[in-house]
Structure formats: C-alpha cells, structure tokens
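Coordinate inspection notes
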Amino acid sequence: MTRDEAWQVLGLAEGASREEVSLAYRELAQMLHPDKFGENKRLRARAEQQMRRINEARDVLLKGGGRASHSGARPRGGARSGSGRGGAASANSPEQIRLEAEARVRAAETARLTVVAQARTMRERRRSMGMLAGGAAVVMLLCSRMRGTIGVLAFSVASMLVVWGIVDVVSLSGQISVLQKRSAELLRQRDAAVKIAEEAARL
C-alpha cells in the first residue's frame, strides 16, 4: 500500500498529523468492525478484509513503510501532535472535542461510502443473477418439451441454474438490506458528530 492509498483508506488529506491518523483509525475501525454486520458470514468476511486495509493504512502512516506514493511526496505531518494548530489540546477542551467530532464525521462518511459501494456491487450482481435465473427458466421450459438425452440434460442444467440464481438473489437481497441499515446508521452518526463539532466550535 502506498502512502497515497493509506490517506485515502482513512479518509484523510495528505499531511494530517499523527493524532489525526490515530483518531481516524480508531473511529473507522469501530464503524467498520466485523461485529457491526451481525452473523452474515459474507459481510463479516468483507469487513475483515476492510479491517486489514485499515490496519495496513495506519501502519504505513504511523510506522512508515509501504510503497512510495505516486507523487513522491514525503509525509509532512509525521512530527506533529495535538490539534495541529500550535500545541496539544487538553482532553476535555472544546478544541479537543471538536477535533474528535470532526474525526468521527470523516470516519462515518468514509465508512458510509465504503458500505454504499459494497451495496452497489451487490445490487449489480443480484441483477445479473436474476437475469441468469430468468434466462435459465426460459431454457428449462423449452427443454421440457424436448425428448431424448439432450433434452433431459439441458433441462437438468437449466433447472440447476434457476435454483442457483434464485438462492443467490435471496442471499444478496439479505446482505443488501443489512448494508442499507448500516449505511443509515452511519449517516445518523455523521450528522450527530457534525452537530457536536459545530457546538464545540462555538464554545
């Protein structure tokens, strides 16, 4: 993973401080943790893969390593700490609350876009499987009128494709439903964090 890719994975602008990287990692890891997707094995497997990318992005930005970025730019924020505006803010200060809320906003939006992209991919696959099942059903009906070994064989293959397509469509529909709910939750978390950041900025 390049540093450019690591910034993108964590939803950060290049040159963010180490504290901002840590905050982004913490918030994003919580929001995309496999436990957030219940008992759905496929979604948990995707979440575990995403967590590996998040962990790798953190390590590239905080511990160094990774491939050279396309721009060849070196990190600008490695030695910075605190708010990045002239020193560290105390844990309960309005400035620190604002920073953490803004990190939560970025993480929630990054996580939401990741979930939305997964749902879009699954919708496309569901549509393809639906078309496959529909086409196989037509072939099955045509083959039901055919006699001989070829007709029986074609009917059997078509019927298996119909069943496979229907099962996959049902499974994908369940996964899409889970992702839609998670996307709505992340949107609510983002909006709530926006309000906290705005209130902290006024203090």
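Residues numbered from 1 in each chain as written. Predicted model: local features only at pLDDT ≥ 70, side-chain atom pairs only at ≥ 80, totals over all residues. Heavy atoms only, no water.

1. Details of the overall build of the protein
For the protein, the count of helices and strands is five helices and zero strands. In sequence order, the secondary structure elements of the protein are arranged as α-α-α-α-α. In the protein, which comprises 203 residues, the proportion classed as buried is 35%. Put simply, of all contacts in the protein between residues at least 6 apart along the chain, 75% involve residues at least 24 apart. Counting only carbon and sulfur atoms, one obtains 56% of the accessible surface of the protein, whose full area is about 11800 Å². (Helix = DSSP H or I, 4+ residues; strand = E, 2+ residues; numbered from the N terminus. Buried < 20%, exposed > 50% of the residue type's maximum accessible area, 1.4 Å probe, protein only. Contact = heavy atoms within 4.5 Å. Areas by Shrake-Rupley, 256 points an atom, 1.4 Å probe, with all protein chains shown as cover.)

2. Considerations on the packing of helix 3 (residues 41-63) against helix 4 (residues 94-143)
Two elements in contact, helix 3 and helix 4, have axes whose closest approach is 12 Å; the angle formed by their N-to-C orientations is 135°. Here helix 3 is positioned oblique relative to helix 4, judged by the angle of their axes. Note that helix 3 runs across helix 4; the crossing there is right-handed. Contacts from R42, L43, R46 and Q50 in helix 3 reach T114, Q118, M122 and R125 in helix 4. (Axes fitted to C-alpha atoms, helices over the stretch in contact; angles between N-to-C directions. Parallel < 35°, antiparallel > 145°, perpendicular 65-115°, else oblique. Left-handed = near helix turned anticlockwise from the far one by under 90°.)

3. A look at the packing of aromatic side chains
Going through the model one piece at a time under the given rule, you end up with zero aromatic pairs. In this structure, R58 packs its charged tip against the face of Y25, placed 4.3 Å from the ring centre. (Phe/Tyr/Trp six-rings, centres within 6.5 Å; stacked < 30°, edge-to-face > 60°. Lys NZ or Arg CZ within 6 Å of the ring centre and 35° of its normal.)

4. Looking at the pattern of salt bridges
In total, this model carries 13 salt bridges according to the counting rule given. The salt bridge involving R182 is made with E185; its shortest N-O contact spans 2.8 Å. Of this pair, R182 and E185 are both found in helix 5 (residues 149-202), three residues apart, which corresponds to roughly one turn of the helix. Residue R182 is classed as buried on the basis of its relative accessible area of 4%. We note a salt bridge from D191 to R190, for which the minimum N-O separation is 3.1 Å. Using a relative accessible area of 22% as the deciding quantity, one classes R190 as partly exposed. Connected via shared salt-bridge partners are E109, R112, R190 and D191. (Salt bridge = Lys/Arg side-chain N within 4 Å of Asp/Glu carboxyl O.)

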